[in-house]
Amino acid sequence: MTVAGGSTSAHGQPVSAMPLPYSPEELARLLGEDWKNLLTSAYRWMLLGRLLDSHLLALQRQGLVGPSYSPLSGHEATNVGAAMALLKDDWIFPSLREQLVALVRGMELTTYTHSLFANALDHSLGRQVPKLISAREVNYVSMASDIGAQIIQAAGCAYAQRYKKVNGITVAFFGDGATSTGDFHSGMNFAGVYHLPVLFLCVNNQWAISLPVEKQTAMSAMAEKAKAYGFKGIKIDGTDVIQVYTEVKKAREAVAAGEGPALLELVVYRMTHQSSPDEPVHDLPQGWVEKTMIHDPLARLEELLERTGALPLASRETIRKATEDRIRRSVAEAQVTPPPGPETLFTDTMKEAYWPLTEERETFDREQGGHFP
Ligand SMILES: Cc1ncc(C[n+]2csc(CCOP(=O)(O)OP(=O)(O)O)c2C)c(N)n1
Ligand SMILES: [Mg+2]
């Protein structure tokens with residue numbers, strides 16, 4: 001599997017990313033006087049996401065992380081724009097491709113790579129599918145494997161937040177495919193009826209494995225589905241990090257102010273195949289690769305940084321080298337960390353000692369001498 005991108009199409013034709021439509025004055029108006037630093041920070045994170053994809057896909061193919069990895073290329077602006085607009089007390093229920101959200105919120109990169117290697121320093125000690133990371137320290141809940149389940153979980157979390165009168169809102173990310181699940185209906189309906197502080201972010205990458213979005217719904221916008229549940233929905237460009245940041249910030253403020261749930265549809269273009277074990281090719285329509293290049297969120301931001309002089313090529317290259325080094329160091333650290341010890345089979349399972357477990361542990365120690373043969 002390769003990560004689409006670069007400047008030439010499958011037929012060798014040069015393809016440029018669509019420029020982001022902002023002047024320096026507009027950026028100052030939308031993002032404040034510190035806009036250059038904000039965009040530089042967004043760039044660092046988005047580049048980290050893109051580079052992680054190429055490193056981790058290669059490691060998965062070597063059987064070192066796995067069993068699978070869900071690439072996020074094409075989703076960098078939705079991850080980073082949203083994460084930068086959310087606050088510390090908010091709770092995140094991710095879908096398959098929001099690993100950058102956890103990192104932007106403060107999960108350590110090495111903690112992330114330890115999770116992918118399912119080693120002794122993995123939060124879940126190898127008991128979770130490695131790519132379904134969690135980061136309790138930043139309110140980032142592990143994704144449930146069944147598509148759409150996080151939508152009802154998020155509605156429940158928002159209900160609890162209001163009941164307990166705590167700060168923050170709940171945010172659920174999900175794909176276009178998840179909108180066809182019963183959990184989408186149940187979660188959205190419950191949130192609408194109870195007017196809950198939850199923000200639904202539908203990242204529409206126009207594919208659910210091999211099913212195109214036209215076969216997922218007959219509606220022209222996923223955002224319109226919010227009407228059926230009694231709240232507002234808007235459709236935005238998920239490849240424009242500035243638009244994602246400003247719209248998520250606005251929606252978050254309204255939800256936090258008690259205006260009820262909201263749905264944002266963020267349209268992106270999936271640049272890779274669904275997940276690393278998938279067959280690399282499934283009838284992508286002609287011209288799809290070129291479309292991903294035109295809407296490449298990272299290339300669009302790079303063009304803006306260059307045009308406005310906010311971050312010239314030489315500085316971007318320095319960031320790229322430093323980011324590559326950081327990834328290599330984190331991967332190397334995770335790679336030399338041993339797997340969880342066999343005794344961890346018995347830890348974190350029950351709050352207090354419980355006789356069947358104690359007996360099992362005794363048998364295990366007696367027969368295996370504490371070690372697997
Ligand atoms: C309930 C359920 N049905 C089917 C699957 C198999 N499956 C895994 S990923 C996926 C596609 C999800 O598409 P989408 O929600 O658009 O997210 P994307 O992968 O495009 O980010 C499917 C159908 C599943 N995990 N759970
Ligand atoms: Mg999708």
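## Describing the overall build of the protein chain
A count of helical and extended segments in the protein chain gives twelve helices and seven strands. Taking 21 Å as the expected radius of gyration for a compact globule of 373 residues, we find that the protein chain reaches 22 Å, a close match to that expectation. Dimensions along the principal axes, computed over C-alpha positions, put the protein chain at roughly 70 × 50 × 45 Å. For the protein chain, with 373 residues in total, the buried portion stands at 42%.

## A short note on the site of ligand 1
Not every one of the 16 residues close to ligand 1 is listed here, only the nearest: Asp146, Ile147, Gly175, Gly177 and Ala208. Across the shell around ligand 1, the residue classes break down as six nonpolar, seven polar and three charged.

## Details of helix α7 (residues 182–193)
For α7, built from twelve residues, the straight-helix expectation of 16 Å at 1.5 Å per residue is met to within 8% by its first-to-last C-alpha distance of 16 Å. Among the residues of α7, Phe184, Gly187, Met188, Ala191 and Gly192 are the ones counted as buried. In an axial view of α7, the angular spread of the buried residues amounts to 130 degrees, which keeps them on one side of the axis. What points out from α7, more than 90 degrees from its buried face, is the exposed set Gly182 and Val193. Lining the buried residues of α7 we find α6 (149–164) and β3 (198–204). Looking at the residues trailing α7, positive phi occurs at His195, about 55 degrees.

## Comments concerning the domain arrangement of the protein chain
Segmenting the protein chain into domains produces domain 1 (24–340) and domain 2 (342–373). Relative to domain 2, the C-alpha centre of domain 1 lies at a distance of 38 Å.

## Concerning the nonpolar core
Met46, Ala172, Val198 and Leu201 are the most contacted members of the largest nonpolar core, which has 91 residues in total. If you tally residues by element for this core, the top one is helix α2 (residues 35–61), at ten residues. Leaving out residues up to four positions away in the same chain, Leu201 has contacts with Ala82, Val171, Ala172, Phe173, Leu264 and Leu266.

## A word on the environment of Val213
Tracing the backbone shows Val213 in the loop between β5 (211–212) and β6 (232–237). Remark: the alpha-carbon pair of Val213 and Gln99, spanning 114 residues in sequence, is separated by 23 Å. Every residue in contact with Val213, bar those within four places of it in the chain, is listed here: Asp176, Asn204, Gln206 and Trp207.

## Some thoughts on the sheet that holds strand β1 (residues 91–93)
The five strands lie next to each other as β1-β2-β3-β7-β6, forming an open sheet whose pairing is parallel. This sheet does not close on itself; its edge strands, each paired only once, are β1 and β6. Each adjacent strand pair in this sheet contributes to an overall mean axis angle of 20 degrees, direction not counted. Where β1 lies against strand β2 (residues 170–175), three bridges are found, and the strand directions are parallel.

## Comments concerning the packing of helix α5 (residues 109–117) against helix α11 (residues 313–336)
Viewed as axis vectors pointing N to C, α5 and α11 meet at an angle of 45 degrees, and their least axial separation amounts to 8 Å. Relative to α11, α5 is oriented oblique. Judged by the sense of rotation from one axis to the other, the crossing of α5 with α11 is right-handed. Counting all contacts with α5, which are made through Leu109, Thr110, Thr113, His114, Leu116 and Phe117, the residues of α11 involved are Arg326, Ser330, Val331, Glu333, Ala334 and Gln335.

## Observations regarding the packing of α2 against helix α3 (residues 76–85)
One way to put it is that α2 packs onto α3 with a least axis distance of 9 Å and a crossing angle of 140 degrees. In terms of orientation, α2 and α3 fall into the oblique class. The chirality of how α2 crosses α3 is right-handed. Only Glu76, Ala77, Asn79, Val80 and Met84 of α3 make contact with α2, whose side of the interface consists of Ala42, Trp45, Met46, Gly49 and Arg50. For the contact of α2 with α3, the class distribution of residues is six nonpolar, two polar and two charged.

## Some words on α11
Over its 24 residues, α11 runs 35 Å from end to end, which matches the ideal 34 Å to within 8%, given 1.5 Å per residue. The inward-facing, buried residues of α11 abut α2 and α5.

## Topic: the environment of His295
Tracing the sequence through the fold places His295 in the loop between α9 (288–294) and α10 (297–307). His295 sits 221 residues away from Gly74 along the chain, and the two C-alpha atoms are 8.0 Å apart. Discounting chain neighbours no more than four positions away, the residues touching His295 are Met18, Thr239 and Tyr269.

The rules behind the values
- Residues numbered from 1 in each chain as written.
- Chains lettered and ligands numbered in written order.
- Predicted model: local features only at pLDDT ≥ 70, side-chain atom pairs only at ≥ 80, totals over all residues.
- Helix = DSSP H or I, 4+ residues; strand = E, 2+ residues; numbered from the N terminus.
- Rg over C-alpha atoms; globule rule 2.2 N^0.38 Å.
- Buried ≥ 20, exposed ≤ 12 C-beta atoms within 10 Å, placed from the backbone.
- Near = placed C-beta within 6 Å.
- Nonpolar A, V, L, I, M, F, W, Y, C, P; charged D, E, K, R; others polar.
- Expected span 1.5 Å × (residues − 1).
- Arc of directions from axis to C-beta.
- Contact = placed C-beta atoms within 7 Å.
- Domains from an automatic or database assignment.
- Core = buried A, V, L, I, M, F, W, Y, C linked by C-beta atoms within 7 Å.
- Pairing = 2+ DSSP bridges.
- Axes fitted to C-alpha atoms, helices over the stretch in contact; angles between N-to-C directions.
- Parallel < 35°, antiparallel > 145°, perpendicular 65-115°, else oblique.
- Left-handed = near helix turned anticlockwise from the far one by under 90°.

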